[in-house]
Each structure stands twice: as C-alpha cells, then as structure tokens.
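Coordinates in review
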Amino acid sequence: MSDGNKIGFWTCTALVVGNVIGLGIFILPASLAPYGFNAVIGWLVTLAGCLALARVFAHLSHALPDADGPYGYVRNTLGELPAYMALWAYWVSIWLTNAALATGAVGYLTVIVPELGRIQPALFALVLLWSFIAVNLFGVRMGGRVQVVTSALKLLPMAGIALLGAWVLFTTPAAYTAHPPTTPLTLGNVTAASTIALFAMLGLESASIPASRVINPGRTIPRATMTGTLLAAVVYIIVSTVPMLLIPQAELANANAPFALLMERHLGAGVGRWLALFVVVSGLGCLNGWTLLMGEITRTMANNGALPAMLGRENRRGAPVVALLVTGALASAMVWMSYSKSLVAAFTFITRVVTAANLPLYLCCSLALLVLWRRGAAPEAGREALFFGFAGVCYVIFAFVGSGHEPFLLALGLMAVGLPLYGLMRLRRPAAAPLKV
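All residue numbers refer to positions counted from 1 along the written sequence of the respective chain. With pLDDT at 70 or above as the cut-off, local features in this predicted model cover only qualifying residues; side-chain atom pairs require 80 or more to be listed or tallied, and sums for whole chains, interfaces and linings still use all residues. The basis for the side-chain values is all heavy atoms of the structure; hydrogens and waters are excluded.

A word on the overall build of the protein chain. For the purposes of this entry, the term helix denotes a DSSP run of H or I that reaches at least four residues, the term strand denotes a run of E that reaches at least two, and both are numbered from the N terminus. Scanning the protein chain from terminus to terminus reveals 18 helices and zero strands. In terms of overall size, the protein chain behaves like a compact globule, its C-alpha atoms giving a radius of gyration of 21 Å where 437 residues would be expected to give roughly 22 Å. C-alpha extents for the protein chain along the principal axes are approximately 65 × 55 × 45 Å. Buried, partly exposed and exposed residues are distinguished by accessible area as a fraction of the type maximum, computed with a 1.4 Å probe on protein chains only: under 20%, between the cut-offs, and over 50%, respectively. Counting across all 437 residues of the protein chain, residues that qualify as buried make up 55%. Contacts are assigned to residue pairs that have any heavy atoms within 4.5 Å of one another. Taking as baseline every contact in the protein chain between residues at least 6 positions apart, the subset at least 24 positions apart corresponds to 82%. What the globule rule says is 2.2 Å times the number of residues to the power 0.38, and the radius of gyration is computed from C-alpha atoms.

Nonpolar core, defined: a set of buried Ala, Val, Leu, Ile, Met, Phe, Trp, Tyr and Cys residues in which side-chain atoms within 4.5 Å join the residues together. Among the nonpolar cores identified, the biggest contains 131 residues, and I25, W43, Y90, Y236 and M301 are the most heavily contacted of them. With 18 residues, the top contributor of residues to this core is helix α5 (residues 80-112). Setting aside its immediate chain neighbours within four residues, Y90 contacts E205, I209, W290, L293, I297, A357, N358 and L361.

For T13, the location among the structural elements is in helix α1 (residues 9-20). Those residues within four positions of T13 in sequence are excluded, and the remaining contacts are A224, T227 and G228.

What follows covers the pattern of salt bridges. Salt bridges, as used here, are contacts in which a Lys or Arg side-chain nitrogen is within 4 Å of a carboxyl oxygen on Asp or Glu. Here the structure, examined in full by the defined rule, presents six salt bridges. Close ionic contact of R213 with E314 constitutes a salt bridge, the shortest N to O distance being 2.7 Å. Within this pair, whereas R213 is found in the loop between α8 (187-201) and α9 (217-246), its partner E314 is found in the loop between α12 (271-303) and α13 (321-338), the two being separated by 101 residues in sequence. Given the relative accessible area of 2%, R213 is considered buried. Look at E314 and you get partly exposed, because its relative accessible area is 39%. The residue E296 makes a salt bridge to R299 at a minimum N-O spacing of 3.0 Å. A residue pair is termed a helical-turn pair when its members lie 3 or 4 positions apart in one helix, as E296 and R299 do in helix α12 at three residues. R299 shares its class with E296; the two are buried. When salt bridges that share partners are traced, they join D68, R213, E296, R299 and E314 into one network.

To continue, consider the packing of aromatic side chains. For this analysis, a ring pair means two rings from Phe, Tyr or Trp (six-membered ring only for Trp) whose centres lie within 6.5 Å, classed as stacked if their planes differ by under 30 degrees, edge-to-face if by over 60, and tilted for the remaining angles. Applying the stated criterion across every chain, the model contains ten aromatic pairs. Aromatic side chains F387 and F388 sit 5.1 Å apart centroid to centroid with 80° between the ring planes, which places their arrangement in the edge-to-face category. We classify F387 as exposed; its relative accessible area is 53%. We classify F388 as buried; its relative accessible area is 17%. The rule is short: NZ of Lys or CZ of Arg within 6 Å of the ring centre and within 35 degrees of the ring normal puts a charge over the ring. The ring of F388 is capped by R55, whose NZ or CZ atom sits 5.8 Å from the centre of that ring. The positively charged end of R223 is found above the aromatic ring belonging to F9, 4.4 Å away from the centroid.

What follows covers the packing of helix α3 (residues 38-63) against helix α16 (residues 383-403). Only C-alpha atoms enter the line fits that serve as axes; for helices the fit covers just the stretch in contact. Angles between N-to-C directions range over 0 to 180 degrees. In the contact formed by α3 and α16, the axes pass within 8 Å of each other and the chain directions differ by 130°. Viewed along their axes, α3 and α16 adopt a mutual orientation that is oblique. Taken as a pair, α3 and α16 cross one another with a handedness that is left-handed. On α16, the residues touching V45, T46, G49, C50, A52, L53, R55, V56 and H59 of α3 are E384, A385, F388, G389, A391, G392, Y395, V396 and F398. Ten residue types, Ala, Val, Leu, Ile, Met, Phe, Trp, Tyr, Cys and Pro, are classed as nonpolar, four, Asp, Glu, Lys and Arg, as charged, and the remainder, Gly among them, as polar. Looking at the contact of α3 with α16, its residues break down into eleven nonpolar, five polar and two charged. Note on angle classes: values under 35 degrees are labelled roughly parallel, values over 145 roughly antiparallel, values of 65 to 115 roughly perpendicular, and the remainder oblique. Handedness of a crossing follows from how the near helix is turned relative to the far one, being left-handed for an anticlockwise turn of less than a right angle and right-handed for a clockwise one.

So, in structure tokens, the structure goes:
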C-alpha cells in the first residue's frame, strides 16, 4: 500500500485521544465523587500504569515494525493461541462498545433536538452506526480525517472546564476549600477509584491496531501512543478534579450531567445545554475511531487465519469492506438488543465484560515485550523494555484484582467461547509463520 493511502502521526494520535475520550468522560466526575481525594490518588496510579502500557506498545511497535499490530506482537512471541484468545476478546469488546456508543449518542441527540425523538430510537442508532461504517468504507485516510476533526472538537469543552477552574482559582480561591470531600483515604477506595479510571483510559493501544496502514510504524506508533495517552490522561485528571473541588461531594455524586452543573453554576443558566452538543461530538468521534479499528482488527485476524479469510477482503480504497459489514451487523444486533425490554438486562450484563475483555490483550503485550527482551530482540531498549514489560504485567494484575472476580471470570468465558472457531480455523488453515526478530 502506498503512503498516500496510509495515516501519519496526527491521525494516529487522534485515534488514541478520540477512542480514549468518549461519552464516559461527561459522567466520570460523578462516578468518582464518592471516593473523594482517593480518586486523585487513583488517577495517579492509573496514569502510571497506562503510561507503562503505552511504553509497552511503543517498544513493541518499534521492535516489530512489520508485525500487523498487537496480533502480530503476541503471535510472534507467545504463540498463536494466546494471540487468538486475547484478540478474540478484544474484537468482541469493540463491536459491543460500538453498539453502546450509538445508543448513547441517540439519547444526547434527542435532548439537543427534541424533534429527533419522534424517530424510532433503535432505527436512529442504526443510522448513526452505519453512517460511520460508510465513512470508513472510503478507506483508513477518510476515517482518519473524521477522527482528527472530532478529536479536536471534543477537546474544546475540556479546555473550557480547565479555563473555568483556573478562573475560579484566581478570582475566588476560597471556593476550592469551601467543601472538600470527606471520604477517608483507604487502600480499598484508591483501588476502586483507579479501576474506574482505567475503564476511562481503554483505547490507549489504538495507534498500534492499524499498524500496516501507518507511515513508518516503527517511529510513528510509539510517538503517537505516548503523546495521545499522556494528553488524554492529563485531560481526564483536570476535568475530574475541578468539579470535585467546586461542587459539594454529595451533590456531585448524584449529578446526571456534572459538567453542565458546574458551568451553569458559574457561568449562568442555559450554558450547560450547549455542552450536550459536544457530548454528541465526543460520542460520534469515538464511534468513528472504534469503527476504524473494528475493521482493521478483523482484517488482521482474517489475514492471519484466525477468522474466515473472506473477512480480509478489501475494496479499491483498501478498506476491509467485508469485515466492516459483518462486524456492523453484529453491532446492529446488539443495538436492537439494547432496545428490547426482554433482553435489555442481558445486554447490560454482557457489556460489563467489555473492560475486562481488554485486559488480556494488555497482559499478553506486556509479556510479549518481556519475551523480546529475553531474546535480545530489543537491544536498543535494554533494561527499559524489562522495566516497562514487568510494570505492565503488574498493573494488569492490579486492574484484574480491582475489577473483581466476576468480570474476570466473564472475560475468561468470553475467550473460551471463541475456542471452537479457533479449532475449526486451525483445521482448515495451517498456522502462520512467525516474523524473524
């Protein structure tokens, strides 16, 4: 593929920022409010862990620039079965996430334009879902352009919250000490808060997924991964801390729209309504980014014999057309399920697996870096690769413990469900040869 059909640093960075910062950021302050200052410590723990994971992906993309993203990283170090199990869970989590994003965006859109509420909600969500599938059928560069624009737009309200916090600090600094959180600092509260924060940071690996579509992946992906992860983490910490200090803890914990509450309290009634527009932009941008990755990860697995070969077919623009259509159909089924009164409880239960389903990928990639270090395949990284690989493993174990045993068991069950397909694909097609490192 020519460089004219590939994406560069800014698009890769936008993928990381856009996929990490989604709809959840607009309710995150309320979710973390019960933990008080434990949330700040939890964010610092999460920031350290996510930066370690970002360095893991950065080292892997530099050491294995010809590998087709995380599937190649794990397959060429730990073997085909671990690669399949980790990426299968990750693959399922993406189309579940897209269904949730589409339904969430519909809810906010009907608040902004009440007339849209006349449209059947499930149909409206499907229109949004398939609109972004259509965008990505024009190729990774088109999807990347949309991602850059929506990522820039979604950062505007975040900048507004930061500026509001700075303005209050300089004009009425006493507001920051008027009603501090009262929750005592405990290890359990820090662990719980850091787990919620990790949920918000999922997607830091986004730049590495379309590795074969990236210009100079050995250089571009590490830079974009670190830049995007650090930027997203800083944004999250700022916009979580300002409301926590300016709104009483009990009131913030019960707020359905904490940012709107904060802005209306300090800037006047009606201002918060405009924030809903940026919530929609953030959700749709996230939907576009995950749609792009959904097609790329499906194509990668198909080309490596982990999924049926037909899913790897591309159109003349290089878009994985069959992969996008099939995964779009799966996400559409989840959209219909979410609006079914008889199945909504099942849908809610399934989506609890999404976060835990990402952790096996993070664990396998951290172990992959340790294997490369042991092989001496990353001599330029040296002890740094050993440190970050070990730190990544420790952080994933910490995250599994913090998430509780039920999501962990559900994630294992999800991976087990994919094993029959793995066995069938192995019978039909021999294992792919590993890259030389």
